[in-house]
Amino acid sequence: MSQCTALILCEGHEIDCVGSSLACFRFCVCRFIVGATYPAAWSLPFTVAMEIITPKYRAAFATAASISYNLGALIVVGIAYWIQNWRELALATCVPLCYVFVFWCFMPESPRWLLTRRRIPEVQSFLYKVARCNSTRFEPQQMEKILKEHDKDWDNITKTKNYSYLDLIRSPNLRKKTFLLAFINCANLSVYLGLSYYSPSLGTNPFLSYTLSVLVEIPAYLFVFLVADRLGRRLPTVGCLLVGGGALLATALVSSDHSSTLLTLGLIGKLCISASFTFGEIYEQELFPTVVRSQGASLTQYVSNAVACVFPVVNYLGEAYIAYPVIIFGAFSVIAGISALFLPETLGADLPQTLLDGENFGRDMTWKDVFQVCPACPTKARTPEVLNNKRCFLSGGGGRAADNALPDAPVVTGAQTSLLTETGNL
């Protein structure tokens, strides 16, 4: 199933369920369906966009997507303030999902996904649109020549099997990265949702406390935009998780009577976990190979949401001592920050295309790399090109990557690659 079609089905189920939840049992069933479809409804369009845009604009796009989510949360605060009935609130907040059906015909399919499925005419059509948008020329003869020369390679890569979630854990290095990304995403989502749900309890006015917890995310996303292409993904992720976790653990030293201090520490933790969340989303798209990228992103989302179900229960511990839930969030964040040290840096790297590319990326990490404080230079980073004998992918590598590609590597070169690097203008 294509990524755009899956997105439409997920959004349709959410609207259907929220709008029809009348009885208690039906409400529980519908909420289960909403919870099952929401992760894909968020991760699929994010994946499609990350597969289209060039590495130069990945951090900018992730920042824009996070700020959009943030603005939506602010709108929900206003709606909740004026609509006190929960049923009417649920109905009002699901109506905006209808816009997806209006813009369905304008949503492009991922050219990477199309290429792995050998749907060449659709890839060419997409490149024609990119060329018209960017006032450049597209020569289809170049793609036909490449596909003809590497027809056997593409058959081996794309026609021997249908990729599944199991492919994420078959090889050791890809399995390690999958487990680490799933755990880090669990911490990001659980702590983020836990603080979002619990922040009204940290102050005297629940609407004001929640609004502040939402507003504090904006500088976090701007921090991601300013830092991601300078310090990379790995070091900021580790730093945000450790600093945020430390701030949350510090609430153990504060008396429950000092609500302002508790709220301040909680907001610092929310700021750091929001930045870590965005770095983690970029990390996922850059570490999972194209053939299983959707499965990888969905897997981490589903595991994270399953674990996050426990944290509303954790919030009830605040009845005994107001800082108990925040301390648990802090400990979870610190452990995740330490785990992120074992992920490879992806700064300046092309997206891996095949399972072999995903397995080779970061496979030769040493203990020195694990505790490396300064990120590697983008031009010297351990990109899939270097780790996999300079294999070239359909991404923003440009002519340089194409020139270095081995003869047996299926590539997209010349005008096709340069056109794809400019698709951020679409």
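Located above this text is the structure these notes cover.
Conventions and cut-offs
Residues numbered from 1 in each chain as written. Predicted model: local features only at pLDDT ≥ 70, side-chain atom pairs only at ≥ 80, totals over all residues. Heavy atoms only, no water. Helix = DSSP H or I, 4+ residues; strand = E, 2+ residues; numbered from the N terminus. Polar contact = N/O pair within 3.5 Å; in protein donor to acceptor, adjacent residues only side chain to side chain. Contact = heavy atoms within 4.5 Å. Buried < 20%, exposed > 50% of the residue type's maximum accessible area, 1.4 Å probe, protein only. Core = buried A, V, L, I, M, F, W, Y, C linked by side-chain atoms within 4.5 Å. Patch = residues over 30% accessible without salt bridge, like charges linked within 9 Å, V, L, I, M, F, W, Y side chains within 5 Å. Areas by Shrake-Rupley, 256 points an atom, 1.4 Å probe, with all protein chains shown as cover. Salt bridge = Lys/Arg side-chain N within 4 Å of Asp/Glu carboxyl O. Axes fitted to C-alpha atoms, helices over the stretch in contact; angles between N-to-C directions. Parallel < 35°, antiparallel > 145°, perpendicular 65-115°, else oblique. Phe/Tyr/Trp six-rings, centres within 6.5 Å; stacked < 30°, edge-to-face > 60°. Expected span 1.5 Å × (residues − 1). Arc of directions from axis to C-beta. Left-handed = near helix turned anticlockwise from the far one by under 90°. Nonpolar A, V, L, I, M, F, W, Y, C, P; charged D, E, K, R; others polar.

1. Comments concerning the side chain of S276
With respect to the secondary-structure elements, S276 resides in helix α14 (residues 259-287). A polar side-chain atom of S276 sits 2.7 Å from a polar atom in the side chain of N188. Excluding residues within four positions of it along the chain, S276 makes contact with N188, T237, C240 and L241.

2. Structural notes on the environment of K270
Turning to its location among the elements, K270 is positioned in helix α14. A residue is classified by how much of its surface remains accessible, and K270, at 1% relative accessible area, is buried. When the C-alpha positions of K270 and L193 are compared, they lie 9.5 Å apart, and in sequence the two are 77 residues distant. Discounting chain neighbours no more than four positions away, the residues touching K270 are Y192, L195, S196, S213, V214, V216 and E217.

3. Observations concerning the nonpolar core
Of all hydrophobic cores here, the largest spans 43 residues; its most connected members are V191, F329 and L343. Mapped by element, the contributors of at least two residues to this core are α10 (172-202), α13 (234-249), α14, α16 (311-315) and α17 (324-339). Ranked by residue count, the leading element in this core is α10, at 11 residues. When neighbours within four sequence positions are excluded, F329 is seen to be in contact with V191, G194, L195, L248, F311, V314 and N315. Residues I53, A65, C272 and I282 belong to the second largest nonpolar core, which totals 15 residues.

4. Considerations on a nonpolar patch on the surface
A grouping of Y99, V102, F103 and F106 is seen on the molecular surface, where their side chains present a nonpolar patch of about 480 Å² in accessible area. In this fold, F103 is placed in the loop between α5 (99-102) and α6 (111-116). Exposure remark for F103: the relative accessible area of 43% places this residue in the partly exposed category.

5. Examining the pattern of salt bridges
Overall, the coordinates contain 5 salt bridges when judged by the stated rule. Here D167 ties to R170 by a salt bridge, and the two come within 3.0 Å at their closest N and O atoms. Taking relative accessible area as the criterion, R170 reaches 54% and is therefore assigned exposed. Two residues, K270 and E217, come together in a salt bridge whose shortest N-O distance is 3.0 Å. On the criterion of sequence distance, the pair formed by K270 in helix α14 and E217 in helix α12 (residues 217-231) is long-range, its members being 53 residues apart. Assigned by exposure class, K270 and E217 land together as buried.

6. Points about the packing of helix α3 (residues 58-82) against α12
Direction vectors running N to C along α3 and α12 enclose 175°, while the axes themselves pass 9 Å from each other. Relative to α12, the element α3 is oriented roughly antiparallel. For the pair formed by α3 and α12, the contact residues are A59, A60, T63, S66, I67 and N70 on the first element and E217, I218, Y221, L222, V224, F225, A228 and D229 on the second.

7. Some remarks on the packing of aromatic side chains
One pass over the full model with this rule turns up 8 aromatic pairs. Here the aromatic rings of Y69 and Y192 are separated by 6.4 Å at their centres, their planes lie at 55°, and the arrangement is tilted. With Y69 in helix α3 and Y192 in helix α10, this residue pair connects regions lying 123 residues apart in the sequence. Ring geometry for Y81 versus W82: centroids 5.5 Å apart, planes at 90°, classification edge-to-face. For Y81, a relative accessible area of 47% gives the class partly exposed. A network of ring pairs unites the aromatic residues Y69, Y192 and F277 as a single cluster.

8. A look at helix α7 (residues 120-133)
When the terminal C-alpha atoms of α7 are compared, their 20 Å separation across 14 residues agrees well with the 20 Å that a helix rising 1.5 Å per residue should span. For α7, every residue scored as buried is listed here: I120, V123, Q124, F126, L127, V130 and A131. Along α7, the residues classed as buried sweep out an arc of 160° about the axis, all on the same side. In α7, the exposed positions that point more than 90 degrees away from the buried face belong to P121 and R132.

9. Brief notes about the packing of helix α11 (residues 206-215) against α14
Closest axis-to-axis distance for the α11/α14 pair is 9 Å, and the angle between their directions is 35°. Between α11 and α14 lies a crossing of right-handed hand. Contacts from S209, L212, S213 and V214 in α11 reach L263, L267 and K270 in α14. Of the residues belonging to the contact of α11 with α14, the class tally is 4 nonpolar, 2 polar and 1 charged.

10. Some words on the environment of T290
Structurally, T290 can be placed in the loop between α14 and α15 (293-308). In sequence terms T290 and E51 are 239 residues apart; their C-alpha atoms lie 8.0 Å from each other. Filtering out sequence-adjacent residues up to four positions away, T290 remains in contact with E51, R112, W113, T116, P352 and Q353. At 3.0 Å, the side chain of T290 and the side chain of R293 are in polar contact.

Spatial relationships are all this shows, so hold off on functional conclusions.
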